Amino acid sequence: MQLLAKHLLALAIHAPILCSAQSLKESLDTQNATLSKLNSFLQSQQAFFNSLSDTKDITVLAPSNEALNLLADDSDMMDKMSADPDLVTAFLEYHVFQGTYYPSNITNAQAPLLVPTLMNGTSFTNVTGGQRVQVVDDDGQLQFLSGSLNQATVQNIPNGQQSFNFSGGTIYIIDRVLAIPANITDTLVSANLTAAAGALKKSKLTADLTQASELTMFAPSNHAFDVVGSALSDMSAADLADVMGYHVVQGKVLYSSLITNTTEKTTEGKDVHLRVEDGKMFVNGARIVQTNILVNNGVVHVIDNLLNPAHADARPDPTAATQAPAFAGATTTGGVPFTSGVGTPTSTTEPFVPATVTSVGGGGGGGDPDAPTVVSGGSKRVVNMTKTEVVRVMVLLGGAALFLNV
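Residues numbered from 1 in each chain as written. Predicted model: local features only at pLDDT ≥ 70, side-chain atom pairs only at ≥ 80, totals over all residues. Heavy atoms only, no water.

Remarks on the overall build of the chain
Within the chain, the regular secondary structure consists of 15 helices and 15 strands. Evaluated residue by residue, the chain yields a buried proportion of 55% over its 406 residues. Residue pairs in contact within the chain that sit at least 24 positions apart in sequence constitute 70% of those at least 6 positions apart. On the chain, roughly 16,100 Å² of surface is accessible, and the fraction owed to carbon and sulfur atoms is 50%. (Helix = DSSP H or I, 4+ residues; strand = E, 2+ residues; numbered from the N terminus. Buried < 20%, exposed > 50% of the residue type's maximum accessible area, 1.4 Å probe, protein only. Contact = heavy atoms within 4.5 Å. Areas by Shrake-Rupley, 256 points an atom, 1.4 Å probe, with all protein chains shown as cover.)

In structure tokens form, the structure reads like this:
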């Protein structure tokens, strides 16, 4: 932990702001009934605590006692953290935003906020400027969306306020820890985009995309693969690589707030055409139905059709409930292709709910009562984490229990 403290001493963002005159310690102490575990840990790490206290223009996400208790009961996680102290560093950095985001900054935002954090270590992220957290206002309830579609909700403090200030910025208490975004393959599998994960594997693109920096993937849903299964079943690995490469833009992380009417070059070499029509987002003739799934080197958006590099001129019909497949004449083969040997998803519910640019709310879920609930516009991801998801977060943040028993 001494190495952690020394490393974090170097973290500083010097941008003056006007806010509470209280120090970070004084402000956290006012909420000790809810933050006693976090406070005890921070007080035992004076170098780190002093560094954070001296940093200006930041937003601290403070996990509540209950949030930390979710990670406190697995001794194997303690062993993982002992073996990899950099994981603790990444965990802490990911809970601190660059910039001060008061509740009004969030509620007044005209688009989803993808806020950079202090987490820059290349072992855990390959996104320039700090790995992001999505911040949304869901009917007045502030939420922070992190990796693997996990959601942390702000807990109001006793006076009814959603945040409280200190001399360097503001603090939110959250009911779950954030999950560090995983690599693209693990994320696709956990989100039940298993056909896309399997197609990348068969086309031998997995390693290249996992190691790449700054990418955007438009990942077809399992249903999208199923309806054109006959067109894919006999494709060679090289031909499939052309198709899957046409779903990836490298060199740009195109969060939903950056999607406009424009053209982008794919790794396959041809252009895709992004459009915003009637409040809906499209790529060629496919609709984006889920936005801003964070991965360690960029972002994934789910689309309702495969893209076909041979039909780059495909255009959407914004009035249609579903878009016509880009592989004309293709039919289902009675199952989802490329899923043999692919890992088990965290949820059996596909993130297949229409996303819009201008609104948040509405449907989601599915038939599985233990599955995540997904809501349009990239808002709500997980209302209640399943036991499987809790374990997965513990693996991602392995050993966070090291600082809980203090």
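A short note on the nonpolar core
Core analysis: the biggest nonpolar cluster contains 36 residues, and Ile184, Leu188, Met217, Phe225, Met244, Val300 and Leu306 have the highest contact counts within it. Not counting residues within four places of it along the chain, the set of residues in contact with Leu306 comprises Pro220, Ala224, Phe225, Val228, Leu232, Val243, His247, Ala326 and Phe327. (Core = buried A, V, L, I, M, F, W, Y, C linked by side-chain atoms within 4.5 Å.)

Digging into the sheet that holds strand S12 (residues 271–277)
Read across the open sheet, the seven strands follow the order S10-S9-S15-S14-S13-S12-S11; overall the sheet is mixed. This sheet does not close on itself; its edge strands, each paired only once, are strand S10 (248–250) and strand S11 (262–265). When strand polarity is set aside, the average angle formed by the axes of neighbouring strands in this sheet is 30°. In the sheet, strand S13 (residues 280–283) pairs with strand S14 (residues 286–295) via two bridges, with the strands oriented antiparallel. Directly across from Phe282, in S14, lies its bridge partner Arg287. (Pairing = 2+ DSSP bridges. Axes fitted to C-alpha atoms, helices over the stretch in contact; angles between N-to-C directions.)

Structural notes on helix H10 (residues 194–202)
When you tally the buried positions in H10, you get seven out of nine residues, the bulk of the element. Of all the residues in H10, the buried ones are Thr194, Ala195, Ala196, Ala197, Gly198, Ala199 and Leu200. On the buried face of H10, the contacting elements are helix H9 (184–190), helix H11 (206–211), strand S9 (215–220), helix H12 (222–227) and helix H14 (237–245). In the stretch just after H10, Lys204 is the one whose phi turns positive, near 60°.

Comments concerning the packing of aromatic side chains
This model, assessed by the stated rule, comprises four aromatic pairs. With centroids separated by 6.1 Å and ring planes inclined at 90°, the aromatic side chains of Phe97 and Tyr101 adopt a geometry described as edge-to-face. Residue class for Phe97 comes out buried when judged on its relative accessible area of 1%. An aromatic cluster of three or more residues is present, and its members are Phe97, Tyr101, Phe144 and Tyr172. (Phe/Tyr/Trp six-rings, centres within 6.5 Å; stacked < 30°, edge-to-face > 60°.)

All we've got here are geometric facts, nothing functional implied.
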